[in-house]
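# What the coordinates show
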Amino acid sequence: GAVVSQHPSWVICKSGTSVKIECRSLDFQATTMFWYRQFPKQSLMLMATSNEGSKATYEQGVEKDKFLINHASLTLSTLTVTSAHPEDSSFYICSASSRGTNSYEQYFGPGTRLTVT
Amino acid sequence: GENVEQHPSTLSVQEGDSAVIKCTYSDSASNYFPWYKQELGKGPQLIIDIRSNVGEKKDQRIAVTLNKTAKHFSLHITETQPEDSAVYFCAALTNQFYFGTGTSLTVIP
């Protein structure tokens, strides 16, 4: 149980275009989803937290208009990188959590490697 | 906010030996401490976790200990195998998850 998928697993796009990454919880309802960015050999950097049906909360320094997050259902969240530039190239990872009385667990997707040329 | 420090950053052990990774945290309100294993090119996988009302938890070759007074928790892997080689992250939960900087573990056959 507790499987989170991401699509695509890798994507190459040209500078100036937009890219959408999907994150799905396959066997549980995710009340909260998180989006992280990870640079090579570094830890995870939280970009934003999204709760189903409400606007995402972005971390300081993360551009809301550039990284659009939608959490339309309890099983799907999307991250859209708008007008991508080479510096946006990174490993993007989502995670999903079902916060209940006895559940704090956070389950990660396999990540999406974005390369902007 | 919370500050999580993790040591060592790299660790090499012989197959069969034990490996210990330590993390400290600063916010006494943190109440949940998971450990994740991340293989190259993949997302982190939860391997074990502990809550603040427990001092130790074990799952086969993996164990985690928590010292709330000292604000530190550790991951113990016994009888290490080459497939244990990966990057391990600790985390602490308050209002959000705060991650350590990672430990690259290499198990030498």
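Look up: the structure comes first, before these words.
Because the structure is predicted, anything quoted here is derived from the model rather than measured.

Rules used throughout
- Residues numbered from 1 in each chain as written.
- Chains lettered and ligands numbered in written order.
- Predicted model: local features only at pLDDT ≥ 70, side-chain atom pairs only at ≥ 80, totals over all residues.
- Heavy atoms only, no water.
- Helix = DSSP H or I, 4+ residues; strand = E, 2+ residues; numbered from the N terminus.
- Rg over C-alpha atoms; globule rule 2.2 N^0.38 Å.
- Buried < 20%, exposed > 50% of the residue type's maximum accessible area, 1.4 Å probe, protein only.
- Contact = heavy atoms within 4.5 Å.
- Disulfide = S-S within 2.5 Å.
- Pairing = 2+ DSSP bridges.
- Salt bridge = Lys/Arg side-chain N within 4 Å of Asp/Glu carboxyl O.

The subject of this paragraph is the overall build of chain A. Scanning chain A from N- to C-terminus turns up zero helices and eleven strands. Along the chain direction, N to C, the helices and strands of chain A fall in the order β-β-β-β-β-β-β-β-β-β-β. Taking 117 residues into account, the globule formula puts the C-alpha radius of gyration at 13 Å, and chain A, at 14 Å, falls close to it. Principal-axis analysis of the C-alpha atoms gives chain A an extent of 45 × 25 × 25 Å. The buried share among the 117 residues of chain A stands at 49%. Relative to all contacts within chain A whose residues are 6 or more apart in sequence, the contacts with residues 24 or more apart total 55%.

A covalent bond bridging the sulfur atoms of two cysteines is what the word disulfide describes. Residue and element names in this part refer to chain A. Overall, the coordinates contain two disulfides over all chains when judged by the stated rule. Residue C23 pairs covalently with C94 via a disulfide, S to S 2.0 Å. Residues C23 and C94 share a disulfide whose torsion about the S-S bond is about 80 degrees; that sign makes it right-handed. Of the two residues, C23 is situated in strand β3 (residues 19-25) and C94 in strand β9 (residues 90-97); the sequence distance between them amounts to 71 residues. A relative accessible area of 0% places C23 in the buried class.

Residues and elements named next belong to chain B. Among the seven residues that make up strand β4 (residues 32-38), seven are buried, leaving the element largely enclosed by the rest of the structure. Side-chain alternation along β4 places Y32, P34, Y36 and Q38 on one buried face and F33, W35 and K37 on a second face that is also buried. Here six bridges tie β4 to strand β5 (residues 45-51), and the two strands are oriented antiparallel to one another. Bridged to P34 within β5 is D49. Taking the residues that link successive antiparallel strands as the turn, the β4-β5 hairpin has six residues, and the phi of G41 there is positive, at about 75 degrees.

Here the structure, examined in full by the defined rule, presents six salt bridges over all chains. In this structure, a network of salt bridges that share partners links the residues K37(B), E39(B) and K42(B).

Where strand β7 (residues 67-73) of chain A lies against strand β8 (residues 76-81) of chain A, five bridges are found, and the strand directions are antiparallel. Each residue of the ladder has a partner; that of I69(A), found in β8(A), is L79(A).

So, to be careful, I would describe these as geometric facts and stop short of saying anything about function.
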